[in-house]
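Below are the chains, spelled out letter by letter.
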Amino acid sequence: MINKGVGLCFLGCLVLLTGCNDQRILEETGFIQSASYDELTNNRIVYGISIPIANPEIKATRAFLMTDAMSSKQARTHLSRQTNLQLVSGQLRVALFGLPLAKKGIWRIMDTLIRDPTISEKIKIIIVNGEAAGLLKKNFKEFPRTGQYIDRLIKKEAIRHSTPLTTLYSFSRDYYDDGIDPVVPIIKDTGKTISLDGIALFQDDTYKGKINPEEAVVFAILRGNFKQGEVSLALPKQSQDTTVMLSSLNSSRKVNVKYEDDGNIRINIQIQATATVSEYIGELKLSNDAERREIERVISDQITEQAERILKTLQRFSTDSLGLGTYVRNSMTFAEWQKLNWHDQYPNVNIECRIKLRIKDYGFRR
Amino acid sequence: MNDKLSHFHVTILIYITQTGAVIITLPRLLAEHFGTNGWLSLLFVYMVVSVNLLLITAVYRLGKGKSIFEIMERSISKIILYPFYLAIASLWAMLGCLAAKQYVLIFQMIAFPTTNPMIFKLLIDILAFILIIKNVYKIAKAATVFFWMIVWMILLLFYFYGDFEWSRLTPFVFQDSAITLNSFFSIYLAFLGYEVCLLLFPYVDKRTKLMKAVQISNLMLTFTYVYLSIIAYGFYGYKHLKTLEYPLLNMFAYIQFPFVQGTENLLFGFLLFSIIITIVMYWWGAKEISVQILPLKGRVLAFIILFISFCISYIPKSINDTERWLSILGYAEIGLSFGLPIGLILLLLIQRMRGEAR
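Residues numbered from 1 in each chain as written. Chains lettered and ligands numbered in written order. Predicted model: local features only at pLDDT ≥ 70, side-chain atom pairs only at ≥ 80, totals over all residues. Heavy atoms only, no water.

To be explicit about the condition: UniProt positions are given in the numbering used here, feature names are shortened, and annotations may be inferred rather than shown by experiment.
Where an unreviewed UniProt entry is consulted, chain B appears under the name GerAB/ArcD/ProY family transporter, with the organism given as Paenibacillus mendelii. What UniProt states about chain B under its Subcellular location (unreviewed entry) heading is, verbatim, "Membrane". UniProt lists a comment for chain B under the heading Sequence similarities (unreviewed entry), and it reads "Belongs to the amino acid-polyamine-organocation (APC) superfamily. Spore germination protein (SGP) (TC 2.A.3.9) family."

For chain A, an unreviewed UniProt entry supplies the name Ger(X)C family spore germination protein and the organism Paenibacillus mendelii. Reading the Subcellular location (unreviewed entry) entry of the UniProt record for chain A gives the comment "Membrane". In its Sequence similarities (unreviewed entry) section, the UniProt record describing chain A reads: "Belongs to the GerABKC lipoprotein family."

Set out below in C-alpha cells:
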C-alpha cells in the first residue's frame, strides 16, 4: 500500500512539475488584441498592435505600438523591444488592413495568421478605408478601446446583415475555393466615431471595389440564405413620399445555371423573402389584400432593381462575391471547369435575378 | 485468467485501438491524395479491411480458437520462429512508442512548446505501463471507460452545420489528384489496430463472437471517419483542406464558447484517451509475443520493452521525422496484417492435411 502511495505522489509531482517549465505569468504578458497592417514601400509593412493594460499604476487602458518590418513576426520582435510585456497573439480578435495594402493583396500577411497555432481562425478581418494604424492608434473618447469598439461594431452589424462577418476562416476558405471570392467589411474614421463604409469586394486576395452600406442588406440577400434583416425603402414608383421599413426579413436563394444554344452561360437567381412591415408611410392600406399585393409587387420590383445594380457592379469589378461560380462548377464536368476560366467569363455571363417578397404581417395598425 | 472478454468490450477495445492520431490529419490526407470527394476512398479501404478481417476469421475458425503461437509452434521450429517473434515485437513496440511521441509533438504545438517532449512522453509511458501490466480484460474495461469519455466529441460536429455547404463538396469524384498505391496505403494506416485481435483468441470464447465484434468496430470507425471527413470537406472545401497540416485541430479551435477560448487545448487533450489505448494495445501485443521468447514476468518484460522503445524514441526529433518513421512502420504493419493470417491459414491447412490438427 505504501509503495502505491509513494508511486502516486511521484507521478502527481511529475505531472504538476512539468508545468513549471513553460511559464506564462499574466501580469507580465501583453495580449495583442488588435493588429493593423499597412503598406510601406519595398515590400515592407507597417505593423501596429494594441494591447489592453490592466495595471492600476498606469492611467491608460491600452498601449499602441507601431513599427515597420518585412513581416509581421519580424515586426513583433521589434515591438517586443519597446515593451516590458511578453507579447502573445492568443487573444487577437481583430486584424485591420489598410486599403492601399488591400489593393496590392493581403495573402502574404495571412500566412502568419494561419500558421500560428495560437491565433484563432475566428479573428475578424477588416479593411480600413485609409490608414489602418492611424485608426487603431486613435482613441474614441465616448467608446470602448478602439480595437474592442471595432470588434463589437462589426459583430453587431453582422447580426443585422449590414455587413458580412469575415473571419480568418471564411476569408481563407473563400480564397481557396475557385467558385467564390471573399468579401470583407470596410470601415472608416468619421472624426468622433468609426463607421461602416460598406463591403470590400476581393478577387482572390486583392481589393477590387466596394458596395455602399445602403446596398449591404440587398447584397446579403443575394449572397445566400438570410435571417433577421432590416431594410428601409423609398417607393417613388408608388408616389413621391412613400416609404416602407421592412424588418424580420428572411430570405432563401435558389440559383439555376443554364446553357444557351450558343454555349453561353445563363444564371438565374430566384429569391423568396418574407418580412414584417414596421413602418409604412403611403396611401395604400396594408389590410386590404389587393392593395397589400400591390405594395409587395412594388417592393419586390424595387429590391430586384437594386439587386441588378449590385450584380452589374460585381461583374464590372470581376469579383464573384456571391459564389455563383460554385453553381457553374457544379453544373459541369471537372475537365470543362478546368478549361473555363471563370474569372474571365464572369463579367460576360448573363445573370438574371428575381426577388419575390411577401409581407408576413404589418404590426398593430390596419 | 478465467475471465473472457465480452462482445461489447472487444468491440469498443478494437474501435479505440483503431482510432489514433491519424484522425487529426485524415481530412487533409484524403484531400491531398484523392482530391475532390476523397472521403469516398474510405469506403474502399473499409472493404479491404473487411476482407483482411475475413482472413483472420478463417484463422480463428480453422484453428478452432487456438492461439496463433500454438498454431505456429506446432509445425515450425523455435529457431526460425524466435527471430520472427522478435521482429513483430519490435515493430509493435516501435509503433506504440512513435504514436505516443507523435501525440506529444503535436500537443506541444499548442501548449508547452519549449518543454522537453520526452518528459511528456515519459508521463504517457508511465500511464501506459500501469495499464499494460494488467491483463487484457482490465485493459478492455479501461478502454470502455475511455470510450465514453471521448465518444461525445462526435456531437461537436453539429457545431459546423452552420458553415457547412454541400456545394463545397463539388460533384466531382477523385479529381485534381494523382492516385497511387501509396495514396491507399496512407489512408489504410488510419484503420490499423484491428490486427491485434489475432492475439485475443485465447481470451475469448464462443459467446464473445470475436470476429463479429471486430467487424462492428471497423464499421463504427468507418462511420466516424466518413462523417468527420464529409463535414471537413463541406466546411473547408478540398483545396483549403490540402493546405491544413492538422485540419481536426483547426476544427477544434473553431469551436468557441463565450467563456473559453483555445478549445483545441482542451479537446486535443481528450484524444489522449483514445491514443493511449492504441499505444497500450501495441505494447501489450509486443509483450505477449516477447513472453514466448523470454519467459519472464509480464511486469519485467513490459518494463524492458518500454525502456528500450523509450530510448529509441529519442532519435526522431521533429514531427516530420516521427511521421515518416510511423508510415514506414505502418507499411510493415499492413504487410503483417495480411501476411500473418495468410501464413497461418496455409499452416493450418497443411496441419489439417497431415492430420495434426486434431
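Further notes follow.
Looking at the interface of chain B and chain A
The condition is simple: The contact criterion used is simple: two residues touch if any of their non-hydrogen atoms lie within 4.5 Å. Any carboxyl oxygen of Asp or Glu that lies within 4 Å of a side-chain nitrogen of Lys or Arg is treated as forming a salt bridge with it. Definition of a polar contact: a pair of N or O atoms within 3.5 Å, with one able to donate and the other able to accept a hydrogen when the atoms are protein atoms, and with sequence-neighbouring residues admitted only if both atoms are side-chain atoms. Amino acid classes used here: Ala, Val, Leu, Ile, Met, Phe, Trp, Tyr, Cys and Pro are nonpolar; Asp, Glu, Lys and Arg are charged; the rest, including Gly, are polar.
On the side of chain A, 27 residues touch chain B, which itself brings 31 residues to the contact. Applying the counting criterion to the chain B and chain A interface returns 2 salt bridges. Among the ionic pairs, Asp178 of chain A bridges to Lys239 of chain B, the shortest N-O distance being 3.2 Å. Our enumeration of links across chain B and chain A arrives at 9 residue pairs in polar contact (both at pLDDT 80 or more). Within the side of chain B that touches chain A, the residues separate by chemical class into 16 nonpolar, 10 polar and 5 charged.

Concerning the domain arrangement of chain A
Residue and element names in this part refer to chain A. Where we set the bar: The start and end points of each domain follow an automatic or database-based domain assignment. As a working definition, buried area equals the accessible area (1.4 Å probe) given up by two parts on being put together, with both sides summed. Only DSSP runs of H or I reaching four residues or more are called helices, and only runs of E reaching two or more are called strands; each is numbered from the N terminus.
We note that the domain assignment places domain 1 (29-211) and domain 2 (214-366) within chain A. Its C-alpha centre places domain 1 at a distance of 31 Å from the equivalent point of domain 2. In this complex, domain 1 contributes 21 residues to the contact, which on the side of domain 2 involves 27 residues. Of the roughly 1,800 Å² buried at the junction of domain 1 and domain 2 (both faces included), carbon and sulfur atoms supply 55%. Of all residues in domain 1, His161, Asp178 and Ile211 bury the most surface against domain 2, accounting for 31% of the area lost on that side. Counting every contact that joins domain 1 to domain 2 gives 4 salt bridges. For Asp174, the salt bridge goes to Arg223, with nearest N and O atoms at 3.5 Å. Connecting domain 1 to domain 2 are 9 residue pairs in polar contact (both at pLDDT 80 or more). Where the side of domain 1 that touches domain 2 is concerned, the elements lending two or more residues are β9 (194-203) and β10 (206-211). For the side of domain 1 that touches domain 2, the class distribution of residues is 8 nonpolar, 5 polar and 8 charged.

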